[in-house]
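Here's the letter readout for the chains.
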Amino acid sequence: MICWLSRLRRGVVTAHLAGSGCRSLGLSARRRTPEFSSFVARTNTCGELRSSHLGQEVTLCGWIQYRRQNIFLVLRDFHGLVQVIIPQDESAASVKEILCEAPVESVVKVSGTVISRPPGQENPKMPTGEIEIKVKTAELLNSCKELPFEIKDFVKKTEALRLQYRYLDLRSFQMQYNLRLRSQMVMKMREYLCNLHGFVDVETPTLFKRTPGGAKEFVIPSREPGKFYSLPQSPQQFKQLLMVGGIDRYFQVARCYRDEGSRPDRQPEFTQIDIEMSFVDQTGIQRLVEGLLQYSWPDDKGPLGVPFPSMTFAEALASYGTDKPDTRFGMKIVDISDVFRNTEVGFLQGALSKPGGAIKAICVPSGAKYFKRKDIETIKKFAADHFNQEILPVFLKANKNWNSPVANFIMEEQELGLTSLMEIQEEDMVLLTAGEHRRACSLLGKLRLECADLLEARGAVLRDPAVFNFLWVEDFPLFLPKEAAPGELESAHHPFTAPHPSDIHLLYTEPAKARSQHYDLVLNGSEVGGGSIRIHEAQLQHHILEAVLKEDVKLLSHLLQALDHGAPPHGGIALGLDRLICLVAGAPSIRDVIAFPKSFRGHDLMSNAPDFIPPEDLQPYHIQVSWPADSGAHKNSWDRPHRPES
């Protein structure tokens, strides 16, 4: 179990994990050791006591972790655990009664002397394992009722139960570690940006107006009929306006909101490290972010090498089938069109005869060893259901009887060329598909990750969780076809992203071919940051909004006016703090690094939000609820019990 901050030396904070070494938050602050017991009733924290404290009179406050035979108990606070000896003599009967009868997780205050444990009874797995507290006085500060679950990390709980009783879940050592890691990384980021590089921390409004394009926004009613605020998806417009205002270097730990479906790495409300600079180019932003992460990186995660590698969007798609590649393992996509240029297989011939057609493949190491026939069928079904494409598993020797007739024909025809190009070993499996370049790469990119999951589930080692591979992805397209209307364009990033200097002329002739000055920061296959150089000329911004994106420019008249009043060149980035901390902490979900997150459906299971509002409270906002015909939600809505999500 973790004992927090067992020894604070030179500002380096460490968290101990019993039986499995030591976890360090390692933030090397050049300031005094924090005083965790200043201004409060205790003299020390439970986790800080050592042999050097022998003989000292101490007062501790915490929760009863467990009790054994009414002889001793373990007291816990945020810092760690300490063993407390329950007095057995009659003169201390009142102290014994308090400590023996208080339920587990009750809050107590004890005072006593730090003594050595008897020889042979030391606990080397516990940072305080050489000492114990001989209690003189005890006070029950608050008794605990029966718990819905034990406050122990190894006890399995459903996520719904954890969120319903979040205040109890926060007591776990893992949640304590995650939130303190987050706090200290943010503190170091503030120090790096504001103290070392002159950034100004500016708070921007939460109530704003609708922004064209992008994700759905939460709508907030006002008392003016028909008028609504929107919660900002990000402070994008405000930070650009701050550059127009001469702030020069802006920074904010910003709360952002998106009204869209939740995913393991998404929340309707989330936090980002928001940054904007004047007179900067893409390289300047990237070097700043690399320095920021290097400065705030926890010591126990190993050093970060800079600069981070980079690749273009086109390279990422061609090699990994995604714009956020996980570069911790291989299985890159290979274009094998030339190997099959003269093939007689109709499926492949047809693909190559079409504009942009190609034959692509990935090599799954030891696929013949680890995969079963049902895995192959699952892969083929996934390709058909999600991409409407055929996927051909090809084996050289092992499990060759799993090959389809087409695959056998392919191997007879092109085995040598394929083996050489893809460096295929005997037990490897090749997944081959043909079609339009982008579609084929996207399919293999998905299958690459699916195969990695299957291989690791069978015992193969591909993605080391202790490795952190940062990557810059650059040269994104400026626009993408709309899914609902492919003949129309939408911004690939947002409408304020500047075009690549070499492609400005394309905005007036072939805007779909224009590249942008947009860059993403990827960590182990997850996007943890995105930014761009912005458009700082009103005329260009007006053209993109009106002529290319067909947006109502009146919605952004304030920004266009600002750009016309001496806006400097500027650019920036936003780092997704929740996702970044989730990856650094090795947590399964961003909900594990947020104190009070929403559920997968966007609900607060603890308070039962969102909730109903009575009609009289809606009247000042000129709103009436139109209930679905088959819904009984409006009936007895105030008496409905709280039903946690499963």
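Only a predicted model underlies this, so the values are computations on that prediction, with no experimental measurement involved.

Let's shift gears to the nonpolar core. Counting residues in each nonpolar core, the largest one holds 53 residues, and the members touching the most others are Leu293, Phe470 and Leu521. For this core, the element with the most residues is helix α4 (residues 173-197), which contributes seven residues. Leaving out residues up to four positions away in the same chain, Leu293 has contacts with Met189, Leu304, Phe308, Phe470, Leu521 and Leu580. If you look at the next biggest cluster of nonpolar residues, it comprises 25 residues, including Ile333, Met429, Leu443 and Leu455.

Another aspect to go through is the side chain of Thr271. Residue position: Thr271 is located in strand β13 (residues 269-278). Take Thr271: its relative accessible area is 5%, and that puts it in the buried class. Looking at Thr271, its side chain comes within polar contact range of the side chain of Arg182, at 3.5 Å. In this view, Thr271 contacts Arg182, Val253, Ala254, Arg255, Leu575, Gly576, Leu577 and Asp578; residues no more than four positions away in its chain are not counted.

It is the contact of α4 with helix α6 (residues 282-296), at a shortest axis distance of 8 Å, that shows an interaxial angle of 130°. Classed by the angle they form, the pair α4 and α6 counts as oblique. In this structure, α4 meets α6 at a crossing whose hand is right-handed. Contacts between α4 and α6 pair Met185, Lys188, Met189, Glu191, Tyr192, Leu193 and Leu196 from the former with Leu288, Gly291, Leu292, Leu293, Tyr295 and Ser296 from the latter. A breakdown of the residues in the contact of α4 with α6 according to their chemical character gives nine nonpolar, two polar and two charged.

Between its terminal C-alpha atoms α6 stretches 21 Å, which fits the 21 Å expected from 15 residues at 1.5 Å a residue. Listed in full, the buried residues belonging to α6 are Gln282, Ile285, Gln286, Leu288, Val289, Glu290, Gly291, Leu292, Leu293 and Ser296.

We now examine empty space enclosed by the protein. Applying the stated rule across the entire model yields two cavities of 30 Å³ or more. Of the voids in this model, the largest cavity is the one considered here, and its volume is about 40 Å³. For the largest cavity, the full set of lining residues is Leu163, Arg166, Phe596, Pro597, Asp604, Leu605 and Met606. Taken together, the residues that form the lining of the largest cavity break down as five nonpolar, no polar and two charged.

Here we come to the pattern of salt bridges. Taken as a whole and judged by the stated rule, the model has 33 salt bridges. Across the salt bridge formed by Arg255 and Glu269, the nearest N and O atoms sit 3.4 Å from each other. Of the two residues, Arg255 sits in strand β12 (residues 249-257) while Glu269 sits in strand β13, which places them 14 residues apart along the sequence. Residue classification places Arg255 among the partly exposed positions, given a relative accessible area of 41%. Here Lys360 makes a salt bridge to Asp335, at a shortest N to O gap of 3.0 Å. One end of the pair, Lys360, is in strand β16 (residues 357-364); the other, Asp335, is in strand β15 (residues 334-335), and 25 residues separate them in sequence. By relative accessible area, Lys360 is classed as buried at 4%. A residue is classified by how much of its surface remains accessible, and Asp335, at 38% relative accessible area, is partly exposed.

Glancing now at the packing of aromatic side chains. The description of two aromatic rings rests on the distance between their centres and on the angle between their planes. One pass over the structure, following the stated rule, counts 12 aromatic pairs. With a centroid separation of 5.5 Å and 45° between ring planes, the pair formed by Tyr192 and Tyr295 is classed as tilted. Taken together, the positions of Tyr192 in helix α4 and Tyr295 in helix α6 put the pair 103 residues apart, joining distant regions of the chain. Here Trp297 and Phe468 contribute two aromatic rings whose centre-to-centre distance is 5.1 Å and whose plane-to-plane angle is 85°, an arrangement assigned as edge-to-face. Note that Trp297 is positioned in the loop between α6 and β14 (310-312) and Phe468 in the loop between α12 (437-457) and β19 (470-474), a separation of 171 residues in sequence. Phe468 carries the same exposure label as Trp297, and that label is buried. The structure contains a cluster of three or more aromatic residues connected by ring pairs, namely Trp297, Phe308, Phe468 and Phe470. The ring of Phe329 carries Arg448 above its face, with NZ or CZ at 3.8 Å from the centroid.

A word on the layout of surface pockets. Quantified by volume, the second largest pocket comes out at close to 660 Å³. Lining the second largest pocket are 21 residues, and of these Phe218, Val219, Gly602, Pro610 and Asp611 lie nearest its centre. The element best represented in the lining of the second largest pocket is strand β10 (residues 219-221), accounting for three residues.

Moving on: the pairing of strand β6 (residues 80-85). β6 sits mainly inside the fold: five of its six residues count as buried. Counting the residues in the hairpin turn of strand β5 (residues 72-77) and β6 gives two residues. In the sheet, β6 pairs with strand β8 (residues 131-142) via two bridges, with the strands oriented parallel. Considered in β8, the bridge of Ile85 is made with Lys134.

Criteria and thresholds
Residues numbered from 1 in each chain as written. Predicted model: local features only at pLDDT ≥ 70, side-chain atom pairs only at ≥ 80, totals over all residues. Heavy atoms only, no water. Core = buried A, V, L, I, M, F, W, Y, C linked by side-chain atoms within 4.5 Å. Buried < 20%, exposed > 50% of the residue type's maximum accessible area, 1.4 Å probe, protein only. Helix = DSSP H or I, 4+ residues; strand = E, 2+ residues; numbered from the N terminus. Contact = heavy atoms within 4.5 Å. Polar contact = N/O pair within 3.5 Å; in protein donor to acceptor, adjacent residues only side chain to side chain. Axes fitted to C-alpha atoms, helices over the stretch in contact; angles between N-to-C directions. Parallel < 35°, antiparallel > 145°, perpendicular 65-115°, else oblique. Left-handed = near helix turned anticlockwise from the far one by under 90°. Nonpolar A, V, L, I, M, F, W, Y, C, P; charged D, E, K, R; others polar. Expected span 1.5 Å × (residues − 1). 1 Å grid on protein atoms, 1.4 Å probe; cavity = no way out; pocket = protein on both sides within 12 Å on 5 of 7 lines; lining within 4 Å. Points joined across faces, edges and corners; volume = space filled by probe spheres on them. Salt bridge = Lys/Arg side-chain N within 4 Å of Asp/Glu carboxyl O. Phe/Tyr/Trp six-rings, centres within 6.5 Å; stacked < 30°, edge-to-face > 60°. Lys NZ or Arg CZ within 6 Å of the ring centre and 35° of its normal. Pairing = 2+ DSSP bridges.

Interpretation in functional terms is not warranted from these geometric data alone.
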